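Residues per chain, in single letters:
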Amino acid sequence: METFTQNSSTMKNLLILSILLFSLPTKAQIVEREKLKVYIDCDWCDVTFIKQELTYVSYVRDRLLSDVHIMLLSQNTGSGGDLHTILFFGQGDMKNYNDTLTLATDINQTSDEIRRAQLKIMKLGLVSYMVKKGYTNQLSLNFSGITEAVEEFDKWNKWIFSLSASGWFNGEEQYNSLNLYSDLSIDKITEDWKFRFNYGYNHNTSKYLLDDTWVISEIKNQWSDLEYIKSLSDHWSAGLFAGASSSLFDNYKLNTYGAPGIEYNLFPYEESTQRQFRFVYRVGARHSVYNDSTIYNVSKETLGQQRLGFAFSMKEKWGSISTSITGKHYFHDFNLNNLNMWTSLNLRLFKGFTLQLSGSFTIIHDQINLPLGNYSAEEVLLRQRQLQTGFRYWGRAGISYTFGSMYNSVVNPRFGQ
């Protein structure tokens, strides 16, 4: 099922008859006029397919070289499909001449059906830019007729179930490894509320031959999470969260939690594809049964805790930024706390130059689950036991610079891309 909407008054005048399919003449017929220069900006679309099918425009390597910058953003929908938001930004002579179209795809559509639906919406979005470029005489419009919307019968009442299982193995003469993974998810998403349940199981076995003796490392863990989120307004939401897990590495025979929470989004949720600024608060309790007695000499305990955080994300023509800060602590001892900071930045500084930065830093003062006693060298090296630490971090940095010909419309698939 495909749907699209339009936000530009100019597009309304051009596409007033709902769905418009247009065709253009061959390259030879329009050689005297410069082609519309287009920059495609998306992570989840088939750019090669678009270039092969949409040949009456020129594709450039940087948005600042284009007449039209097309950005495609996607979000999951309640049916298990995706809502694609396609943004059109005018550049140069068409600056501030912008438009937005949307497309809904369902879980049963193939990747080819989805990419053809995306291509169709891109063609529709380019109509007004082609007119402004001077191609009015070359455009033709076809209208398939208005059909009355009929609500489809849904025997599953919007419930989505997903089962998956996988195995991965590798080895050599003195080493082999086997990893098994399975997952179950149950979801229902409506405009007013959403329910999600997930269960996962992972089993990893590794064998090393050292001094004619096989050393075996076996790691098992399983987890489940449940959440129910209720929409309160354009900015407020409330939720209930629960879960359970077990892990030898984390010293949990059984670890369960439950917490209500509330969220405030500074921007309306309908703008979440492009920008979000959310404040989240949760308060609840955690009950833990440990494999081994902890450094506090307890084998099980129930503790209250709370967490407060904010998350910000924005996607614009110049790139994207996402960041979050979350702090939590136990009520019985505020010194048992944890603070996580995470950020990701993708910035187009100037023509052809992109800067990519991402990283996370966590201050850790709440490792109450650490087992009492010493670890063997094997347990440490094979990552079978969690070590005490006051912080944890990771980071990534990268740059890219592209220069040369501004056009990149040619596709040559020989010997692979």
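The rules we used
Residues numbered from 1 in each chain as written. Predicted model: local features only at pLDDT ≥ 70, side-chain atom pairs only at ≥ 80, totals over all residues. Heavy atoms only, no water. Helix = DSSP H or I, 4+ residues; strand = E, 2+ residues; numbered from the N terminus. Buried < 20%, exposed > 50% of the residue type's maximum accessible area, 1.4 Å probe, protein only. Contact = heavy atoms within 4.5 Å. Pairing = 2+ DSSP bridges. Axes fitted to C-alpha atoms, helices over the stretch in contact; angles between N-to-C directions. pLDDT = per-residue confidence, 0-100. Phe/Tyr/Trp six-rings, centres within 6.5 Å; stacked < 30°, edge-to-face > 60°. Lys NZ or Arg CZ within 6 Å of the ring centre and 35° of its normal. Core = buried A, V, L, I, M, F, W, Y, C linked by side-chain atoms within 4.5 Å. Salt bridge = Lys/Arg side-chain N within 4 Å of Asp/Glu carboxyl O.

### A word on the overall build of the protein chain
- A tally of regular secondary structure across the protein chain gives 4 helices and 19 strands.
- A total of 417 residues make up the protein chain; the buried ones form 36% of that total.
- Put simply, 58% of the contacts in the protein chain that link residues at least 6 apart link residues at least 24 apart.

### Here we look at the sheet that holds strand β9 (residues 175–189)
- Spatially, the 12 strands line up as an open sheet ordered β8-β9-β10-β11-β12-β13-β14-β15-β16-β17-β18-β19, and their pairing is antiparallel. Edge positions in the sheet fall to β8 (159–172) and β19 (391–401), since each of these pairs with one other strand and no more. Adjacent strand axes in the sheet meet at a mean angle of 10°, parallel and antiparallel pairs treated alike.
- Strand direction decides the pairing type here: strand β11 (residues 213–231) and strand β12 (residues 236–247), joined by 11 bridges, are antiparallel. Residue isoleucine 229 lies in a different strand from β12, and its bridge partner there is glycine 239.

### Describing the pairing of strand β16 (residues 319–330)
- The sheet contact formed by strand β15 (residues 300–316) and β16 spans 12 bridges and is antiparallel. Residue pairing across strands places alanine 311 opposite serine 324, the latter belonging to β16.
- Hairpin geometry of β16 and strand β17 (residues 337–350) is characterised by an intervening segment of 6 residues between the two adjacent antiparallel strands.

### Description of the confidence of the model for the protein chain
- Mean pLDDT over the protein chain stands at 84; residues scoring 70 or higher make up 86%.
- Every residue in residues 1–32 is under pLDDT 50, and counting partners more than four places away or in other chains gives 71 contacts.

### As for the packing of aromatic side chains
- Scanning the model with the defined rule gives 16 aromatic pairs in all.
- Geometrically, the ring pair formed by tyrosine 181 and tryptophan 223 is tilted, given 6.2 Å between the ring centres and 35° between the ring planes. Of the two residues, tyrosine 181 is situated in strand β9 and tryptophan 223 in strand β11; the sequence distance between them amounts to 42 residues.
- Residue tyrosine 181 is classed as partly exposed on the basis of its relative accessible area, which comes to 30%.
- Plain terms: the ring middles of phenylalanine 277 and phenylalanine 310 are 5.7 Å apart, the flat faces sit at 40° to each other, and that makes the pair tilted. Residue phenylalanine 277 is found in strand β14 (residues 275–290), and its partner phenylalanine 310 is found in strand β15; the two are separated by 33 residues along the sequence.
- Judged by relative accessible area, which is 22%, phenylalanine 277 ranks as partly exposed.
- These aromatic residues form a ring-pair network of at least three members: Phe277, Phe279, Phe310 and Phe312.
- Sitting over the ring of phenylalanine 49, arginine 115 keeps its end group 4.1 Å from the ring centre.
- One cation-aromatic arrangement involves arginine 282 over phenylalanine 241; the distance from NZ or CZ to the ring centre is 3.7 Å.

### Re the nonpolar core
- The biggest cluster of nonpolar side chains holds 30 residues, and the ones touching the most others in it are Leu36, Val57, Ile70 and Leu126.
- Residue assignment for this core shows that the elements contributing at least two residues are β2 (36–41), α2 (47–53), β3 (57–59), β4 (68–76), β5 (82–90), β6 (99–105) and α3 (111–133).
- Here this core takes 9 residues from α3, the largest share from any one element.
- When sequence neighbours within four positions are dropped, the list of residues in contact with leucine 36 reads Val57, Ser58, Asp67, Val68, Met94, Leu126, Tyr129, Met130 and Lys133.

### Quick notes on unusual backbone geometry
- Phi at aspartate 212 takes a positive value of approximately 65°, unusual for a residue other than glycine.
- Along the chain, the position of aspartate 212 falls in the loop between β10 (193–210) and β11.
- In this model, asparagine 297 sits at a positive phi of 60°, which is unusual for a non-glycine residue.
- Turning to its location among the elements, asparagine 297 is positioned in the loop between β14 and β15.

### What about the pattern of salt bridges?
- Applying the stated rule across the entire model yields 9 salt bridges.
- Here arginine 115 and aspartate 112 are joined by a salt bridge, their closest N and O atoms 3.0 Å apart. Note that arginine 115 and aspartate 112 are positioned in helix α3 at a spacing of 3 residues, about one turn of the helix.
- Classification of arginine 115 by relative accessible area gives partly exposed; the value is 26%.
- With a relative accessible area of 29%, aspartate 112 lands in the partly exposed category.
- Between aspartate 112 and arginine 116 there is a salt bridge, and its shortest N-O distance comes to 3.2 Å. In this pair, aspartate 112 and arginine 116 are both assigned in helix α3, 4 residues apart and thus about one turn of the helix distant.
- The class for arginine 116 is partly exposed, based on a relative accessible area of 42%.
- Through salt bridges with shared partners, one network takes in Asp46, Asp112, Arg115 and Arg116.

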